[in-house]
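Results of the structural survey
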Amino acid sequence: MAAPGSGAVSLLRGGRSGSRLRRAGAGTGGPRRPVDRTGPAPASTGCGSGAGGVAPGSAHRPHRRGAAVGAEQMSADLAALVALLRGRLTRAEGRAGAEAAKVSGLLDRASAEAPYAASAHPLVRHLPAALAGLERDAPDIAALLGPLAQGLPWRYGYDARADLPDLHLNMGWAEFVGPAAPLRSDEVCLGLTLIGPHTHYPAHRHPAVELYHVLTGAAEWSGDWRPPGAFILHETNQEHAMRAGDEPLLALYTWSGDVVSPSVWSAPS
Ligand SMILES: [Fe+2]
């Protein structure tokens, strides 16, 4: 992992010069998480809403040969998206605001060195509706995310549930900063969670402190319906669940603290 430095800071704040971030070409950077059931290879580990941790430094590093044409532009566009999402953290208040400030400081230390590849996860079928909602609720983010959305590394990594056999087809996340993300950090994670309409994301918990920011799609968060713009904080090992409404839920998430230990279901199915 490259040492943190000014290049990483400029990337996370939207700078384009000196980018070393690459979008991997086909066949590179495949998913790495062993319980993934939707891609041609095991999915990657990371934080956010997913299960299956990874030891720092142990993540697979895809090679850079065969990088897609226009990779530099893809890199710059992803960096700009991350910078815009990071800017949303300044809107948080109270305990959520304190966590957002902590996350922002940790993001300064992330490094940009890894390529990423589209996962072709079935979850992407919800993207058109999610992007339509985002055009209404956060058009600035929609403008940057739209061209990138289908090519992001969407994935899912929880153990299967007998009571929700299609859950892995209807929820997942794309991680931009984290132990196995394009922008590497063992201290903080940042990404997008996407949950299909009426999908129930059952109760789960994890050691990391988690901050969600709803971008589009009103959803039920542990019993409370929260609109776009809301921040939801989950403290260490706090049990929580979500249920999407009539529209897909697209939310920014961050993890801090123990970003390596996995998220686990609170109760077996
Ligand atoms: Fe969570």
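What counts, and where the lines are drawn
- One numbering rule holds for all chains: residues counted from 1, following each sequence as written.
- In keeping with the predicted nature of the model, local features appear solely for residues at pLDDT of at least 70, side-chain atom pairs appear and are counted solely at 80 or more, and the whole-chain, interface and lining totals rest on all residues.
- Per the convention used, a helix needs a DSSP run of H or I reaching at least four residues, while a strand needs a run of E reaching at least two, with both numbered from the N terminus.
- In this scheme the burial state of a residue depends on its C-beta neighbours within 10 Å: 20 or more other such atoms mean buried, 12 or fewer mean exposed, and anything in between means partly exposed; the C-beta positions come from the backbone.
- Here, a nonpolar core means buried Ala, Val, Leu, Ile, Met, Phe, Trp, Tyr and Cys residues linked by C-beta atoms lying within 7 Å of one another.
- By the convention adopted here, residues make contact when the C-beta atoms placed from their backbones lie within 7 Å.
- We call two strands paired when DSSP finds no fewer than two bridges between them.
- Note that the arc is computed from the directions linking the helix axis to the C-beta atoms.
- Confidence scores labelled pLDDT are given residue by residue by the predictor and lie between 0 and 100.
- Axis lines are fitted to C-alpha atoms, over the contacting stretch for helices. Their N-to-C directions set the angle, which ranges from 0 to 180 degrees.
- Any residue outside Ala, Val, Leu, Ile, Met, Phe, Trp, Tyr, Cys, Pro, Asp, Glu, Lys and Arg is labelled polar, Gly included; the first ten of those are nonpolar and the last four are charged.

Along its length, the protein carries six helices and 14 strands. In the protein, which comprises 269 residues, the proportion classed as buried is 49%.

Ranked by size, the top nonpolar core spans 64 residues in total, and within it Val-82, Val-177, Val-188 and Leu-194 carry the most contacts. When neighbours within four sequence positions are excluded, Val-188 is seen to be in contact with Val-103, Leu-106, Leu-107, Ala-110, Val-177, Thr-254, Trp-255, Ser-256 and Val-259.

Turning to the pairing of strand E8 (residues 209-216), a few remarks are in order. Extensive coverage of E8 is indicated by the burial of eight of its eight residues. Relative to strand E11 (residues 231-234), E8 runs antiparallel, the two being bridged by four bridges. Bridge assignment links Leu-211 to a residue of E11, and that residue is Leu-233.

Each strand in a sheet pairs with another by means of backbone hydrogen bonds, the pair being arranged parallel or else antiparallel. Pairing within the open sheet is antiparallel, and its five strands lie in the order E10-E9-E12-E7-E14. Looking along the sheet, the strands with just one partner apiece sit at the ends: strand E10 (224-226) and strand E14 (264-265). In terms of strand pairing, strand E7 (residues 200-205) meets strand E12 (residues 240-244) through three bridges, oriented antiparallel. Paired with Tyr-201 across the strands is Met-242, a residue of E12.

Every buried residue belonging to helix H5 (residues 139-148) is among Ile-141, Ala-142 and Leu-145, and all of these are buried. Here the buried residues of H5 occupy an arc of 95° about the axis, which is enough to place them on one side. H5 presents Pro-139, Asp-140 and Pro-147 as exposed residues on the side facing more than 90 degrees away from its buried surface.

Another aspect to go through is the confidence of the model for the protein. Here the protein averages 79 in pLDDT, while 71% of its residues score no lower than 70. This model gives residues 1-11 a pLDDT under 50, and the stretch forms 24 contacts once residues within four places in sequence are excluded. Between residues 48-70, whose pLDDT stays under 50, and residues either more than four places distant or in other chains, the model counts 69 contacts.

Our next topic: helix H4 (residues 127-137). Those residues of H4 that fall on the buried side of the exposure criterion are Ala-130, Gly-133 and Leu-134. The buried residues of H4 occupy an angular sector of 105° when projected down its axis, which confines them to one face. Among the structural elements, H5, strand E6 (188-195), E8 and strand E13 (249-256) are those in contact with the buried residues of H4.

Before going further, it helps to examine the environment of Ala-96. If you trace the backbone, Ala-96 turns up in helix H3 (residues 94-107). Take Ala-96: there are 18 C-beta atoms within 10 Å of it, and that puts it in the partly exposed class. In this structure the C-alpha to C-alpha distance between Ala-96 and His-234, which are 138 residues apart in sequence, comes to 9.2 Å. For Ala-96, the contacting residues outside a window of four places in its chain are Leu-211, Phe-231 and Leu-233.

Pairing within the open sheet is mixed, and its seven strands lie in the order E2-E5-E4-E6-E13-E8-E11. At either end of the open sheet lies a strand with only one pairing partner, and these are strand E2 (111-112) and E11.

The subject of this paragraph is the environment of Trp-154. Positionally, Trp-154 belongs in the loop between H5 and helix H6 (167-170). The class for Trp-154 is buried, based on 27 C-beta atoms found within 10 Å. Here Trp-154 is in contact with Ser-119, His-121, Leu-123, Val-124, Gly-172, Ala-174 and Leu-194, once residues within four sequence places are set aside.

Two numbers describe how H4 lies on H5: the axes approach to 6 Å, and their chain directions differ by 145°. Within the contact between the two elements, H4 uses Leu-131, Leu-134 and Glu-135 and H5 uses Pro-139, Ile-141, Ala-142, Leu-145 and Gly-146. Here the residues of the contact of H4 with H5 sort into six nonpolar, one polar and one charged.

Now for the pairing of E6. For E6, a buried count of eight out of eight residues is recorded, marking the element as mostly surrounded by other parts of the structure. Burial of the side chains of E6 extends over both faces: Val-188, Leu-190, Leu-192 and Leu-194 are buried on one face and Cys-189, Gly-191, Thr-193 and Ile-195 on the other. Of the pairings in the sheet, the one linking strand E4 (residues 171-178) to E6 comprises six bridges and is antiparallel in character. Bridge pairing in E6 links Ala-174 to Leu-192.

What follows is about unusual backbone geometry. Non-glycine residue His-198 carries a positive phi angle of around 65°. Relative to the helices and strands, His-198 resides in the loop between E6 and E7. By the C-beta count within 10 Å, which is 12 here, His-198 ends up exposed.

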